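# Reading the structure
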There are 4 protein chains.
Amino acid sequence: MDIGLVGLGKMGNNMRQRLRNGGHTVVGYDRNPDVSDVDSLQAMVAALPSPKVVWVMVPAGDPTRQTVAELGDLLGEGDLVVDGGNSKYTDDEANAELLSAKGVGFVDCGVSGGVWGLDNGYALMCGGPDAEVAKVQPAFDALKPEGESGFVHAGKKAGAGHFAKMVHNGIEYAMMQAYAEGWELLEATDLVDDVPATFDSWRSGTVIRSWLLDLLVNALEDDTHLEKLSGYADDSGEGRWTVQAAIDHAVPMNVIAASLFARFTSRQEDSPAMKAIAAMRNQFGGHAVHTEPPAGGDAHGSLG
Amino acid sequence: MDIGLVGLGKMGNNMRQRLRNGGHTVVGYDRNPDVSDVDSLQAMVAALPSPKVVWVMVPAGDPTRQTVAELGDLLGEGDLVVDGGNSKYTDDEANAELLSAKGVGFVDCGVSGGVWGLDNGYALMCGGPDAEVAKVQPAFDALKPEGESGFVHAGKKAGAGHFAKMVHNGIEYAMMQAYAEGWELLEATDLVDDVPATFDSWRSGTVIRSWLLDLLVNALEDDTHLEKLSGYADDSGEGRWTVQAAIDHAVPMNVIAASLFARFTSRQEDSPAMKAIAAMRNQFGGHAVHTEPPAGGDAHGSLG
Amino acid sequence: MDIGLVGLGKMGNNMRQRLRNGGHTVVGYDRNPDVSDVDSLQAMVAALPSPKVVWVMVPAGDPTRQTVAELGDLLGEGDLVVDGGNSKYTDDEANAELLSAKGVGFVDCGVSGGVWGLDNGYALMCGGPDAEVAKVQPAFDALKPEGESGFVHAGKKAGAGHFAKMVHNGIEYAMMQAYAEGWELLEATDLVDDVPATFDSWRSGTVIRSWLLDLLVNALEDDTHLEKLSGYADDSGEGRWTVQAAIDHAVPMNVIAASLFARFTSRQEDSPAMKAIAAMRNQFGGHAVHTEPPAGGDAHGSLG
Amino acid sequence: MDIGLVGLGKMGNNMRQRLRNGGHTVVGYDRNPDVSDVDSLQAMVAALPSPKVVWVMVPAGDPTRQTVAELGDLLGEGDLVVDGGNSKYTDDEANAELLSAKGVGFVDCGVSGGVWGLDNGYALMCGGPDAEVAKVQPAFDALKPEGESGFVHAGKKAGAGHFAKMVHNGIEYAMMQAYAEGWELLEATDLVDDVPATFDSWRSGTVIRSWLLDLLVNALEDDTHLEKLSGYADDSGEGRWTVQAAIDHAVPMNVIAASLFARFTSRQEDSPAMKAIAAMRNQFGGHAVHTEPPAGGDAHGSLG
């Protein structure tokens, strides 16, 4: 099929390549002329046969909203916009409505795959009406991994795909934290001499074998005690949205929430909350300065 | 090699089979004469050539301690006992010392595999001196899955193997909870129409693909909304020991601990803690009985 | 001062009384004619001298928004609306703007006090410009408890008062959960014979003495093991908003979030997440049906 | 009454003073001759009339165990030892048995009060047989705060007092964390201009008023943003024991556990767990180095 692709960063660029490898004709547009196939969004749209399908792969939020709005002006009845970025699921309904007013269809699609996607395929979770999804199905088929899994039409409403991808990322946070906590405990004790070998052994026959485990084993091969790294982790919006959606729906989510909070903490130079703890402890016990006689000495009573 | 195997329940029975499939000579003993190869522990020991190797596969705690003590009386210089059960790592040192006094070696081995182990192999994590591990290596090689992974000599101290297995189980708790929380959120909302298909799609190309995911997809195939199950989960001791070990070593472990607590909660008919919450709320707000005029009505101020 | 008061439910009714006890002239309006001083909002506004001050005490969300909009049509330059309900802080900015367009001022005020407020005073946290707060200060002074504490002009922006009250409620959730968890542990063990007496003893000399502790002691006097209560706890919106605000600002909030999630869990007849856990356990171990030979029996290996 | 007091550190010294203020005759012994009333434990015992009562106030663990053992050699039938230190409740049974073999009674007593105890009294939670508690009741009455609360005979078994005190400290951890998280959120946003005034206002009329709140308000008076403190908090053993006891009894304890883990985290220069998170993120997305074209740029897909 013919498809327009807006946004040719690391991710979009690889997706263009995988689509072309799959035999599709891609007209890519990016502000950066070094990677763009055309000079403008208008030129991209003009180059597509009708009904036109345009895949948007730009940052979530304002950039996506703006691109969708511009495409709404350029496209017409029967055309289709796919938002393949990391948009919040609540953005999709607004985008779908805006386009719908002009007869343009909308499909949202969460994409997983990172740097591995070009070779191995991208996992795709999309949302939208059957007829709209059908228009872009050939591109989905080229982008997805070979085999039965890796693609789902999660729901007919706008946002279903991004919602599914969001939950995927929430699960991912907690799985990563699970391995991380286990690793920290093994490192903190001296019973297990060879922690990397232990993780490596888990790749076969165990309940916890997974692709994330494979990645961690790779990392430990290069850097046994991870001394080259600092314990700092960004979070994409999707972890936050997952917990906020859980709260909206009264779903208890202790584990994913704790994984998210661990990332927040990792980025603090000093914890304000723990300053408040220290302040209270100082008030009731003079904790910061307690110096005691050696033995036969002191048992302080009220400490916490 | 020749090996004695004490404990022929579901797990031990399958392991005997896999060892025999691997060409080893197993003398199995169990209290249950229907499955036992010999009439007594003495008979089992007598049937083994020296140096004798006996694998103990009985429940952790008193049964294992008792079996090890009996073997200490029956075995001698150069013989070896392997504890392949789910013993707490702190038990291993005592067992090793008891046997050491009689010249008998000791290796502890955590075993993962369950009902899949017979066909696919068991993941093995062992601890003990190199020379002792070497004595039982042929059995390890037969029990483990084919390929490079699935076996580790985690450390030279008694307990290293069970400690590694314990941490494995702690990680497992949190990974399961991660999928479970994600599933609950998808079920709680109406954006995603086909939750099982969504989970199935994640098996390829995503960051969260794993064996546990495969299992959950299998379960959802049979029972789309898991209506045949109740939300009740036992816990083996290993989850508890993991968190207690973390506390002993001042390792923060929010995610694994929360996964353990979720299992505790799942087994409570009613939560005592939440009764206390209800009691306090009743005291300050008359929450249990608040009946308000319809609209233009009431804004209660201090509720929590 | 003269003040209009919209909403005469349990809370509003008591506040009218406390304002009158403080020497103020209150014109109360409620849809329910049995408690209302006037027949309509118009009549209430007409009865007030200029500049008119109206305190809104109706449920958060649509009822408050609608009342504020109606007052915007009835009031004019120099008048003031106070929202004393449990509005979300993000609602206040919109209400302030809507009124500002008509020259009407706006102050938001979080109110704590419940059934104890009439006699002991209400804790008040307000937000808005100094000049607007000054107009209603006499009413604040009458409503607040005697003494120095109990009132704060938290910030000049609309929403500052409700935000402060929201955080207050978040803290409250976690304090209640702290006592509740401690109580559950004491009840779960048999070392402490007299749990109510233990809690009562903590009311003096300890680090954890508080008004909430007093309430819990009261409750335990009537019902030693809280057998008359079920472990079910609603949550007002404020706990949810607190955690969502924390996520928006990347503030780790494990304790308040866990307290909120405990309330969600308390209202579930069966936990969907734990069904998923049970489903996975069934898949890898046949956990639901494991029946083992008594001793010398089985050590299952891979359980989680 | 006459009482021996072993351990005259900051806490023991103040307790001696309060006992004397209450009219009791205290013979204090400490290794440090500057504060000791006598030259040796023997001299202290010799100075007491029979039946002799000795209060031990030395650090928990070995120092307490050793002191109890020495007293067992010096005391006899009908005498009594009180352990008022921070011993783990499981130590008490052993100490009670050791003394019981010599006819010496044992009472364990958790003491709360810190630097405030001398003037305001110490909260006391004790365990032991009625007859033994009666022997030391006059000292308890002098040490406790005036009024009805502040003392409890929590249970007849050895350890009941220390267990009650331990749970008290667990509750304390979570209450402190509750205020701390709320404070961090208020500081992180710009809606509330005067955070100290907000906390101060909560001291009256609110659900969350408490002595800990008073302490935090005091601290904020001196140091508005707590800039003089670092976010570092030690933990006494009692928080750890509380969570470990909860795990032993299958009591869910998310909030107290999270408070404990927050203290562990506060003492880490860098988080090992978060290094593992960073390692996995690097593997699947090259997160550490992602540099993207400005707009029209990139939507990365699989990030977590």
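Summarised in this report is the structure supplied together with it.

Here is what the cut-offs are and how they apply
- Residues numbered from 1 in each chain as written.
- Chains lettered and ligands numbered in written order.
- Predicted model: local features only at pLDDT ≥ 70, side-chain atom pairs only at ≥ 80, totals over all residues.
- Heavy atoms only, no water.
- Least-squares fit on C-alpha atoms with pLDDT ≥ 70 in both.
- Contact = heavy atoms within 4.5 Å.
- Buried area = accessible area lost by both parts, 1.4 Å probe.
- Polar contact = N/O pair within 3.5 Å; in protein donor to acceptor, adjacent residues only side chain to side chain.
- Helix = DSSP H or I, 4+ residues; strand = E, 2+ residues; numbered from the N terminus.
- Axes fitted to C-alpha atoms, helices over the stretch in contact; angles between N-to-C directions.
- Parallel < 35°, antiparallel > 145°, perpendicular 65-115°, else oblique.
- Left-handed = near helix turned anticlockwise from the far one by under 90°.
- Nonpolar A, V, L, I, M, F, W, Y, C, P; charged D, E, K, R; others polar.
- Salt bridge = Lys/Arg side-chain N within 4 Å of Asp/Glu carboxyl O.
- Pairing = 2+ DSSP bridges.
- Expected span 1.5 Å × (residues − 1).
- Buried < 20%, exposed > 50% of the residue type's maximum accessible area, 1.4 Å probe, protein only.
- Lys, Arg positive; Asp, Glu negative; His and termini not counted.
- Phe/Tyr/Trp six-rings, centres within 6.5 Å; stacked < 30°, edge-to-face > 60°.
- Lys NZ or Arg CZ within 6 Å of the ring centre and 35° of its normal.
- Right-handed = clockwise from strand over helix to strand, strands pointing away.

Turning to the relation of the copies chain C and chain B, a few remarks are in order. Aligned on chain B, chain C shows an RMSD of 0.0 Å; the corresponding rotation is 180° and the shift along the axis is 0.0 Å. Accordingly, the operation relating the two chain copies is best matched by a two-fold axis. Both copies share a contact surface, since 100% of the interface residues of chain C are interface residues in chain B too.

A few words on the interface of chain C and chain B. Listed by partner, the interface residues are 82 residues for chain C and 82 residues for chain B. By the criterion of area lost to chain B, the three top residues of chain C are C:M274, C:M280 and C:Q283, representing 10% of everything that side buries. Run the count over chain C and chain B and you get 12 residue pairs in polar contact (both at pLDDT 80 or more). Elements with a contribution of two residues or more to the side of chain C that touches chain B: α1 (10-21), β5 (105-112), α7 (160-188), α9 (211-222), α11 (254-266) and α12 (272-285) of chain C. Here the element with the most residues in the side of chain C that touches chain B is α12(C); it accounts for 14 residues.

For the rest of this paragraph, the subject is the packing of helix α10 (residues 237-248) of chain A against helix α11 (residues 254-266) of chain A. Residues and elements named next belong to chain A. Closest axis-to-axis distance for the α10/α11 pair is 10 Å, and the angle between their directions is 140°. Taken together, α10 and α11 sit at an angle that is classed as oblique. In terms of crossing hand, the pair formed by α10 and α11 is left-handed. Counting all contacts with α10, which are made through G239, R240, T242 and V243, the residues of α11 involved are I256, A257, L260 and F264. Split into classes, the residues belonging to the contact of α10 with α11 amount to five nonpolar, two polar and one charged.

Its rotation angle being 180°, the transformation that places chain A on chain B also includes 0.0 Å of axial translation and leaves an RMSD of 0.0 Å. In this assembly the copies share their binding face: 99% of the residues contributing to the interface of chain A also contribute to that of chain B.

With that settled, the discussion passes to the interface of chain A and chain B. In this assembly, 71 residues from chain A lie in contact with 70 residues from chain B. Linking chain A with chain B are two salt bridges. Where chain A packs against chain B, one counts 20 residue pairs in polar contact (both at pLDDT 80 or more). It is helix α7 (residues 160-188) of chain A that contributes the most residues to the side of chain A that touches chain B, 19 residues altogether.

Residues and elements named next belong to chain A. Ordered by their spatial adjacency, seven strands build an open sheet running β2-β1-β3-β4-β5-β6-β7, and the pairing between neighbours is mixed. Edge positions in the sheet fall to β2 (25-29) and β7 (151-155), since each has one partner strand and no second. Across the sheet, the axes of successive neighbouring strands diverge by a mean angle of 25°, strand direction being ignored. Looking at chain direction, strand β5 (residues 105-112) and strand β6 (residues 123-127) are connected through five bridges and run antiparallel. Each residue of the ladder has a partner; that of D108, found in β6, is G127. Along the sheet, α7 contacts β4 (80-83), β5, β6 and β7; its crossing angle with β5, the most-contacted strand, is approximately 15°.

Quick look at α11(C) now. Between its terminal C-alpha atoms α11(C) stretches 18 Å, which fits the 18 Å expected from 13 residues at 1.5 Å a residue. When α11(C) is considered as a whole, its buried residues turn out to be C:N254, C:V255, C:I256, C:A257, C:A258, C:S259, C:L260, C:F261, C:A262, C:R263, C:F264 and C:S266.

Residue and element names in this part refer to chain C. Checked against the element boundaries, R18 lands in helix α1. For the buried R18, no salt bridge exists, and the shortest N-O distance to an oppositely charged side chain is 5.7 Å, to E146. At a separation of 3.0 Å, a polar atom in the side chain of R18 contacts the main-chain carbonyl oxygen of K144. Each residue touching R18, except ones within four places of it in the same chain, is listed here: G117, L118, D119, N120, G121, Y122, A142, L143, K144 and P145.

All names here are of chain A. For the structure shown, the criterion picks out 52 salt bridges over all chains. Among the salt bridges present, the one from R240 reaches D235, with a minimum N-O distance of 2.7 Å. Assigned by exposure class, R240 and D235 land together as buried. Through salt bridges that share partners, R16, R20 and D37 make up one connected network.

This part covers the sheet that holds strand β4 (residues 80-83) of chain C. All names here are of chain C. Read across the open sheet, the seven strands follow the order β2-β1-β3-β4-β5-β6-β7; overall the sheet is mixed. Each end of this open sheet is capped by a strand with a single partner; those strands are β2 (25-29) and β7 (151-155). The average angle at which neighbouring strand axes cross in this sheet is 25°, direction not considered. Of the strand pairs in this sheet, strand β1 (residues 2-6) and β2 are connected by five bridges, and their pairing is parallel. In the sheet register, V6 faces β2, and the bridge partner there is Y29. Here α1 sits on the sheet in contact with β1, β2, β3 (53-56) and β5, set at roughly 165° to β2.

All chains considered together, the criterion is met by 24 aromatic pairs over all chains. Between the aromatic rings of A:W116 and A:W211, the centroid separation amounts to 5.3 Å while the plane-to-plane angle is 80°, which identifies the pairing as edge-to-face. Placement of A:W116 in the loop between β5 and α5 (117-120) and of A:W211 in helix α9 (residues 211-222) is noted, with a sequence separation of 95 residues between them. On the basis of relative accessibility, which here comes to 13%, the residue A:W211 falls in the buried class. Centroid distance B:W55 to B:F140: 5.8 Å. Interplanar angle 75°. Geometry classified as edge-to-face. Within this pair, whereas B:W55 is found in strand β3 (residues 53-56), its partner B:F140 is found in helix α6 (residues 130-143), the two being separated by 85 residues in sequence. An aromatic cluster is defined as three or more aromatic residues linked by ring pairs; in this entry it consists of A:W55, A:F140 and A:F151. Here B:R209 stacks its cationic end above the ring of A:W211, 4.4 Å away from the centre of that ring.

This brings us to the pairing of strand β1 (residues 2-6) of chain B. Residue and element names in this part refer to chain B. Burial of β1 is extensive: four of the five residues sit out of reach of the surface. Following the chain from β1 across helix α1 (residues 10-21) to the adjacent parallel strand β2 (residues 25-29), one finds a crossover that is right-handed. Both β1 and β3 contribute to a ladder of three bridges, which runs parallel. The partner of G4 across the bridge, within β3, is V54.

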